[in-house]
There are 2 protein chains.
Amino acid sequence: MSRVVAERRDVIAMLAEIFREHGYDGASLSLITEKTGLGKGSLYHFFPRGKEEMAEAVLGDIAAWFRTHIFDALRNTENAEQALEVMFAAVDSYFRQGRRLCLMGVIAASGAHDRFARELNGYFSDWRADLAVTLERNGTPRAECAALAEEIIGGIQGALILARSLDDPGAFGRVLARLQTRCLPYREKRDTSG
Amino acid sequence: MSRVVAERRDVIAMLAEIFREHGYDGASLSLITEKTGLGKGSLYHFFPRGKEEMAEAVLGDIAAWFRTHIFDALRNTENAEQALEVMFAAVDSYFRQGRRLCLMGVIAASGAHDRFARELNGYFSDWRADLAVTLERNGTPRAECAALAEEIIGGIQGALILARSLDDPGAFGRVLARLQTRCLPYREKRDTSG
DNA sequence: AAAGCATTGTACCGATCGGTAAACAATTTA
DNA sequence: TAAATTGTTTACCGATCGGTACAATGCTTT
């Protein structure tokens, strides 16, 4: 009875939700077998190195998704303002309007963070770099772009934590909307005279 | 040989660092006995209900610290601008310039979050409420205070995650400084004409 | 049909999990 | 000094941990 589940990528999608919901240490193999419906044999067939490889696969999958759906859009969308709109819309959708945590953040806040330091660093620094360039294209003064990018990316993470803690997903959307207004060209937000 | 460790509160301080560093699920009893130097017997003497009671005690301790050092300062400092300065300075110091995670955030991002939902909710909503009032006292338009408070509190959480993920504690200070500028009275930051 | 590979279920491994029991030592109280 | 109280040590419990072994099953190719 092979092929109960279509593909490895389907398994990865399920694993992602499990890790998101229970954290790395909280996602036991018995929980994973229960939620995926796969026995240990199947899991270790797909991921011979076990749980760590499962998490690596999930993080790689997430990183790839962000690269193709967000980072590439930031770089390749001609109109920078539109690029930012795409990003904020994609983020709101990806995180299900605040009902879904970011697995990168979950891992970063867990004891397993050093085991996945490279993945975390790559995800956040890539996002920061691409966002900073887009902000500059959109009219933000060069000197401020990197810092604003940090504020936005960190703000997204924090808003997810906040929304979950307050048990109010709406908090995510409210913060996200405010962060988006920070991207408006500087000249529209502040009088330029000293 | 009783009284190896001075007080229950010393144990709580050690537990706080362990939970911060390893998360709730990652903080095993063997790790706790090793790091605290206390055997299981001693630990269960202090916390008869085990790990959950340890975490409750730590969260309660943290909540009390924030109440007395931050929330009370926000409410009781006459000068609102000064109150905000105190808050940002205390936050920067408490989180060790970005080298220390927030245990509330750590728990919120873990699978144990529902077990401590009340503590998390109280911490964030109290902070939000007191900060919002202070912001209004400082000249932020009433309609914006709650949203700005959310942005700041979430931003702090996210900045901690970001700093750890980038392995760059400085990112925390940079974001914190930006958040602080958001507290400047509205009229100084934006031209009021439509 | 036969062979070969991909996939799965089951039983099992040693280690560790959170937690308990109870004897015992130190300190405080009477 | 004797009795409680408080704190500690040690050994142990059943359950679960992550991981392995391997036979069996399905699918694909020939």
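Computed from a predicted model, the values in this text were never measured in an experiment. (Residues numbered from 1 in each chain as written. Chains lettered and ligands numbered in written order. Predicted model: local features only at pLDDT ≥ 70, side-chain atom pairs only at ≥ 80, totals over all residues. Heavy atoms only, no water.)

## Considering the packing of aromatic side chains
(1) Moving on: Per the stated rule, a full pass over the model turns up 30 aromatic pairs over all chains.
(2) Moving on: Seen in terms of ring centroids, W65(A) and F66(A) are 5.3 Å apart; in terms of plane orientation they differ by 70 degrees. Their pairing is edge-to-face.
(3) Moving on: On the basis of relative accessibility, which here comes to 0%, the residue F66(A) falls in the buried class.
(4) Moving on: Ring geometry for F66(A) and F71(A): centres 6.3 Å apart, planes at 50 degrees, overall tilted.
(5) Moving on: Three or more aromatic residues link up through ring pairs in this structure, and these residues are W65(A), F66(A), F71(A), Y94(A), F95(A), Y123(A), F124(A), W127(A) and F172(A).
(6) Moving on: In this arrangement the basic side chain of K51(B) is found over the ring face of Y24(B), its NZ or CZ atom lying 4.8 Å from the centre. (Phe/Tyr/Trp six-rings, centres within 6.5 Å; stacked < 30°, edge-to-face > 60°. Buried < 20%, exposed > 50% of the residue type's maximum accessible area, 1.4 Å probe, protein only. Lys NZ or Arg CZ within 6 Å of the ring centre and 35° of its normal.)

## Concerning helix α4 (residues 51-76) of chain A
(1) Moving on: For α4(A), spanning 26 residues, the distance from its first C-alpha to its last is 36 Å, which sits close to the expected 38 Å at 1.5 Å a residue.
(2) Moving on: At R67(A), α4(A) shows its maximal kink, close to 40 degrees. (Helix = DSSP H or I, 4+ residues; strand = E, 2+ residues; numbered from the N terminus. Expected span 1.5 Å × (residues − 1). Bend = angle between axes of the 7 residues up to and from the residue.)

## Focus: the packing of helix α5 (residues 80-94) of chain A against helix α9 (residues 170-181) of chain A
All names here are of chain A.
(1) Moving on: Contact geometry for α5 and α9: axes closest at 11 Å, N-to-C directions at 170 degrees. By the angle class used here, α5 and α9 are roughly antiparallel. Two secondary-structure elements touch here, α5 through L84, E85, F88, V91 and D92 and α9 through F172, L176, L179 and Q180. (Axes fitted to C-alpha atoms, helices over the stretch in contact; angles between N-to-C directions. Parallel < 35°, antiparallel > 145°, perpendicular 65-115°, else oblique. Contact = heavy atoms within 4.5 Å.)

## Section: the nonpolar core
(1) Moving on: Ranked by internal contacts, the top residues of the largest apolar core, which has 136 residues, are W127(A) and W127(B).
(2) Moving on: Per-element tally for this core: the top contributor is helix α8 (residues 142-166) of chain A, with twelve residues.
(3) Moving on: When near neighbours in sequence (up to four residues on either side) are disregarded, W127(A) contacts F66(A), I70(A), F71(A), L74(A), M87(A), V91(A), I153(A) and I156(A). (Core = buried A, V, L, I, M, F, W, Y, C linked by side-chain atoms within 4.5 Å.)

## A closer look at helix α7 (residues 117-137) of chain A
(1) Moving on: Over its 21 residues, α7(A) runs 30 Å from end to end, which matches the ideal 30 Å to within 8%, given 1.5 Å per residue.
(2) Moving on: Of all the residues in α7(A), the buried ones are L120(A), Y123(A), F124(A), W127(A), D130(A), L131(A), A132(A), T134(A) and L135(A).
(3) Moving on: In this fold, the buried residues of α7(A) make contact with α4, α5, α6 (103-108) and α8 of chain A together with α8 (142-165) of chain B.
(4) Moving on: Positioned one or two residues after α7(A), G139(A) has a phi angle of 110 degrees, which is positive.

## Thoughts on unusual backbone geometry
For residues that are not glycine, phi is negative in most cases, and the peptide bond is trans in most cases.
Residues and elements named next belong to chain B.
(1) Moving on: Its identity is not glycine, yet R96 carries a phi of approximately 55 degrees, on the positive side.
(2) Moving on: Structurally, R96 is set in the loop between α5 (80-94) and α6 (103-108).
(3) Moving on: A relative accessible area of 45% places R96 in the partly exposed class.
(4) Moving on: For D167, which is not glycine, the phi dihedral falls at a positive 55 degrees.
(5) Moving on: Locating D167 in the fold gives a position in the loop between α8 and α9 (170-181).
(6) Moving on: You can call D167 exposed: its relative accessible area is 65%.

## Quick notes on the interface of chain B and chain A
(1) Moving on: Facing 43 residues of chain B, the contacting portion of chain A comprises 43 residues.
(2) Moving on: With both sides pooled, the region where chain B packs onto chain A buries about 3600 Å², and carbon together with sulfur makes up 57% of that total.
(3) Moving on: On inspection of chain B and its partner chain A, the count reaches eight salt bridges.
(4) Moving on: E150(A) is paired through a salt bridge with R174(B); the nearest N and O atoms lie 2.6 Å apart.
(5) Moving on: In this assembly, chain B and chain A are joined by twelve residue pairs in polar contact (both at pLDDT 80 or more).
(6) Moving on: Mapped by element, the contributors of at least two residues to the side of chain B that touches chain A are α1 (8-26), α6, α7 (117-137), α8 and α9 of chain B.
(7) Moving on: Top element by residues in the side of chain B that touches chain A is α8(B). It accounts for 14 residues.
(8) Moving on: Among the residues forming the side of chain B that touches chain A, the class breakdown is 16 nonpolar, 13 polar and 14 charged. (Buried area = accessible area lost by both parts, 1.4 Å probe. Salt bridge = Lys/Arg side-chain N within 4 Å of Asp/Glu carboxyl O. Polar contact = N/O pair within 3.5 Å; in protein donor to acceptor, adjacent residues only side chain to side chain. Nonpolar A, V, L, I, M, F, W, Y, C, P; charged D, E, K, R; others polar.)

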